[in-house]
Amino acid sequence: DQQVKQNSPSLSVQEGRISILNCDYTNSMFDYFLWYKKYPAEGPTFLISISSIKDKNEDGRFTVFLNKSAKHLSLHIVPSQPGDSAVYFCAARINNNDMRFGAGTRLTVKP
Amino acid sequence: NAGVTQTPKFRILKIGQSMTLQCTQDMNHNYMYWYRQDPGMGLKLIYYSVGAGITDKGEVPNGYNVSRSTTEDFPLRLELAAPSQTSVYFCASSYSTGANTEAFFGQGTRLTVV
């Protein structure tokens, strides 16, 4: 069962515009949500996170929004830069040791 | 600072062979994890460890074994390799699993079983 879903396998945006990556989840017991970024031939690197008790967390160009009633979160990147081109994974933590990942969205930012 | 180091980066195994994927971290992290990533899928947790001498199963442990004799090392053992174990394997570590503590990942090991 896939408890964390990223329904868009890819997204292409123009440099300087906003990138919006979406993630849906099914388990209401998730207490923490994270976004990881992955370049080819590298491991995922942590980007930003949000607690389930909050609805927004911002870090520079990156903002994560959480809508608990819809079981939906999104990552906004403004402005998008070519260096942001990567695969982005949404992850949700159900307890201290169990993190479930989505399949990832490949973001391409065109110059 | 090396972070999390995995070896080898690539490996081809024949069905029925065994091998050990090595993982070491130099950040003095208590928690370590092994994930696998199949094409088009998210990462799935195979095994994790909360400290030296303590390991536990994750979501997909069948066909694998782990040990944690030191804080730094967390090897993953495949016995009797099967084509279903063809995947990219990632090792990760974190200081704790409290709120706001992210995991640091290694570069991955691409394993093909033929």
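Refer to the structure above for everything that follows.
Here the structure is a predicted model, which means the values were calculated and not measured.

### Observations concerning the side chain of Gln25 of chain B
All names here are of chain B. Secondary-structure assignment places Gln25 in strand β3 (residues 19–25). Classification of Gln25 by relative accessible area gives buried; the value is 2%. Engagement of the side chain of Gln25 in a polar contact is seen with the backbone nitrogen of Asn28, the distance being 3.1 Å. When residues no more than four places from it in sequence are discounted, the contact partners of Gln25 are Gly3, Val4, Met32, Arg68, Thr71, Glu72 and Ser93.

### Things to note about the environment of Tyr95 of chain B
Residues and elements named next belong to chain B. Take Tyr95: it is sitting in the loop between β9 (87–94) and β10 (104–105). Taking the C-alpha atoms as reference points, Tyr95 and Met32, separated by 63 residues in sequence, lie 8.8 Å from one another. Non-local contacts of Tyr95, meaning those with residues more than four positions away in its chain, are made with Asn28, His29, Asn30, Tyr31 and Thr101.

### With respect to unusual backbone geometry
Here the bond from Val78 of chain A into Pro79 of chain A is cis, since omega is -10°, no more than 30 degrees from zero. Relative to the helices and strands, Pro79 of chain A is located in the loop between β8 (72–77) and β9 (86–95). In this structure, Pro8 of chain B follows Thr7 of chain B across a cis peptide bond, with omega equal to -5°. The topology assignment puts Pro8 of chain B in the loop between β1 (4–7) and β2 (10–13). A positive phi angle is found at Ala41 of chain A, which is not glycine, with a value near 65°. Assignment of secondary structure puts Ala41 of chain A in the loop between β4 (32–38) and β5 (45–51). The phi torsion at Leu80 of chain B lies on the positive side, around 55°, for a residue other than glycine. Relative to the elements of secondary structure, Leu80 of chain B occurs in the loop between β8 (76–78) and β9. What makes Leu80 of chain B exposed here is its relative accessible area of 66%.

### Some words on the sheet that holds β8 of chain B
Residues and elements named next belong to chain B. On the basis of which strands lie adjacent, the open sheet formed by 4 strands has the order β1-β3-β8-β7 and antiparallel pairing. Whereas interior strands pair on both sides, the edge strands pair on one side only; in this sheet they are β1 and β7 (64–66). Taking the axes of each pair of neighbouring strands and ignoring which way they run, one obtains an average angle of 20° across the sheet. Where β7 and β8 come together, 3 bridges link them in antiparallel fashion. Note that in β8 the partner of Tyr64 across the bridge is Leu78.

### Section: the pattern of salt bridges
Pairing between side chains of opposite charge can happen when the charged atoms of each approach one another. Residue and element names in this part refer to chain B. As enumerated under the stated definition, the model contains 5 salt bridges over all chains in all. A salt bridge links Asp38 to Arg36, with the shortest nitrogen-to-oxygen separation between them at 2.9 Å. Linking Glu79 and Arg77 is a salt bridge whose minimum nitrogen-to-oxygen distance equals 3.1 Å.

### Quick word on the packing of aromatic side chains
Counted according to the given criterion, the structure contains 12 aromatic pairs over all chains. Their ring planes at 40° and their centres at 5.7 Å tell us that Tyr35 of chain B and Phe105 of chain B sit as a pair that is tilted. Residue Tyr35 of chain B is located in strand β4 (residues 31–37), and its partner Phe105 of chain B is located in strand β10; the two are separated by 70 residues in the primary sequence. Neither Tyr35 of chain B nor Phe105 of chain B differs from the other in exposure class; each is buried. Cluster of aromatic residues (ring-pair linked, three or more members): Tyr36, Phe46 and Phe101 of chain A together with Tyr33, Tyr35, Phe90 and Phe105 of chain B. The ring of Phe74 of chain B is capped by Arg68 of chain B, whose NZ or CZ atom sits 6.0 Å from the centre of that ring.

### Focus: the nonpolar core
Among the nonpolar cores identified, the biggest contains 23 residues, and Phe33, Trp35, Leu73, Leu75 and Tyr88 of chain A are the most heavily contacted of them. Listed by contribution, the elements that provide at least two residues to this core are β3 (19–25), β4, β5, β7 (62–67), β8, β9 and β11 (105–110) of chain A. Judged by nonpolar contacts, the second largest core, of 19 residues, contains Met32, Leu76, Leu78 and Leu111 of chain B.

Cut-off values and rules
Residues numbered from 1 in each chain as written. Chains lettered and ligands numbered in written order. Predicted model: local features only at pLDDT ≥ 70, side-chain atom pairs only at ≥ 80, totals over all residues. Heavy atoms only, no water. Helix = DSSP H or I, 4+ residues; strand = E, 2+ residues; numbered from the N terminus. Buried < 20%, exposed > 50% of the residue type's maximum accessible area, 1.4 Å probe, protein only. Polar contact = N/O pair within 3.5 Å; in protein donor to acceptor, adjacent residues only side chain to side chain. Contact = heavy atoms within 4.5 Å. Pairing = 2+ DSSP bridges. Axes fitted to C-alpha atoms, helices over the stretch in contact; angles between N-to-C directions. Salt bridge = Lys/Arg side-chain N within 4 Å of Asp/Glu carboxyl O. Phe/Tyr/Trp six-rings, centres within 6.5 Å; stacked < 30°, edge-to-face > 60°. Lys NZ or Arg CZ within 6 Å of the ring centre and 35° of its normal. Core = buried A, V, L, I, M, F, W, Y, C linked by side-chain atoms within 4.5 Å.

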